[in-house]
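What follows is the residue order along each chain.
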Amino acid sequence: SPMPGTVSIGNPLVARAAFSDGATSVLIIIPKPLPTGTLENFQIFNQPGSAGRTFRAYVLRPTGVLNQYQVVANSGVLTVPTLPIGSSGQIETYPMLPAIAVQAGDVIGFYGRGIPFSYFPWGSGSGTDTISYPAPIAPSLGGTLTIGVSPYPLFTGTERTYSFSASVYTLSTGLRKFVDGLPGLGP
């Protein structure tokens, strides 16, 4: 039977080519589905240059319409802290208290800046994330947004992967308890 545990969903939390978007009106969706459970925290990689920048983290639920999501959780404004002197970067954790109930298929995203990213030529298939820019309005809790429709146009300048993830506690991590037949009792 499945065992409970915490899984990380999102992108690797590593240093990237760019420490932050320059614009504040950027909406990013990490299109990796969450399992059913409770989202305990969001995590980013903080690298030099990101300090003081702000973003909002989201849980988005696909509506069944292509590229359309309902905003089921909004962290409020989060700030990237100053790194210790001499640090080349570190993982930052933003606990969600209380934890956020999520359903299988929900995804995470953020609006704002301060999260490092790697970029690749458009059409290369190397970037993993969905980008809306310029997105002049931060999504609001309970609202619905559609990527590719105003005010959330699809950005096609470059493909990108951001150092952003979430930890989800689930009762079904896909791990199985130790099972082995007893000797002499068959398979």
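In what follows, the structure referred to is the one given above.
Definitions and limits used
- Residues numbered from 1 in each chain as written.
- Predicted model: local features only at pLDDT ≥ 70, side-chain atom pairs only at ≥ 80, totals over all residues.
- Heavy atoms only, no water.
- Helix = DSSP H or I, 4+ residues; strand = E, 2+ residues; numbered from the N terminus.
- Contact = heavy atoms within 4.5 Å.
- Pairing = 2+ DSSP bridges.
- Axes fitted to C-alpha atoms, helices over the stretch in contact; angles between N-to-C directions.
- Salt bridge = Lys/Arg side-chain N within 4 Å of Asp/Glu carboxyl O.
- Buried < 20%, exposed > 50% of the residue type's maximum accessible area, 1.4 Å probe, protein only.

> How should I be thinking about the environment of I30 in this particular structure?
Counting through the fold element by element, I30 comes out in strand β2 (residues 27–30). For I30 and D129, which are 99 residues apart along the polypeptide, the C-alpha to C-alpha distance reads 5.1 Å. What I30 contacts, discounting residues up to four positions off in sequence, is G10, N11, V107, I108, G109, D129 and F164.

> Just checking my understanding: could you explain the sheet that holds strand β7 (residues 107–112) for this structure?
In a beta sheet, neighbouring strands pair by backbone hydrogen bonds and run either parallel or antiparallel. Spatially, β9-β2-β7-β4-β5-β10 is the arrangement adopted by the 6 strands of the open sheet, whose pairing is antiparallel. Of all the strands in the sheet, just β9 (130–132) and β10 (144–146) have a single pairing partner and so form its edges. When the angles between neighbouring strand axes are averaged without regard to direction, this sheet yields 35 degrees. When β2 meets β7, the two strands line up antiparallel, connected through 4 bridges. Paired with I28 across the two strands is F110, which belongs to β7.

> Is there a simple way to explain the pattern of salt bridges in this structure?
Note that side chains of opposite charge can pair when their charged atoms are close. According to the stated counting rule, one finds 2 salt bridges in the structure shown. When the shortest N-O distance is used, the salt bridge between R160 and D21 registers 2.5 Å. Highlighted residues: R160 in strand β11 (residues 158–162) and D21 in the loop between β1 (5–10) and β2, separated in sequence by 139 residues. Each member of the pair, R160 together with D21, is buried. Linking R61 and D106 is a salt bridge whose minimum nitrogen-to-oxygen distance equals 2.8 Å. With R61 in strand β4 (residues 54–62) and D106 in the loop between β6 (90–102) and β7, this pair connects stretches of sequence that are 45 residues apart. On the accessibility criterion, D106 (1% relative accessible area) is buried.

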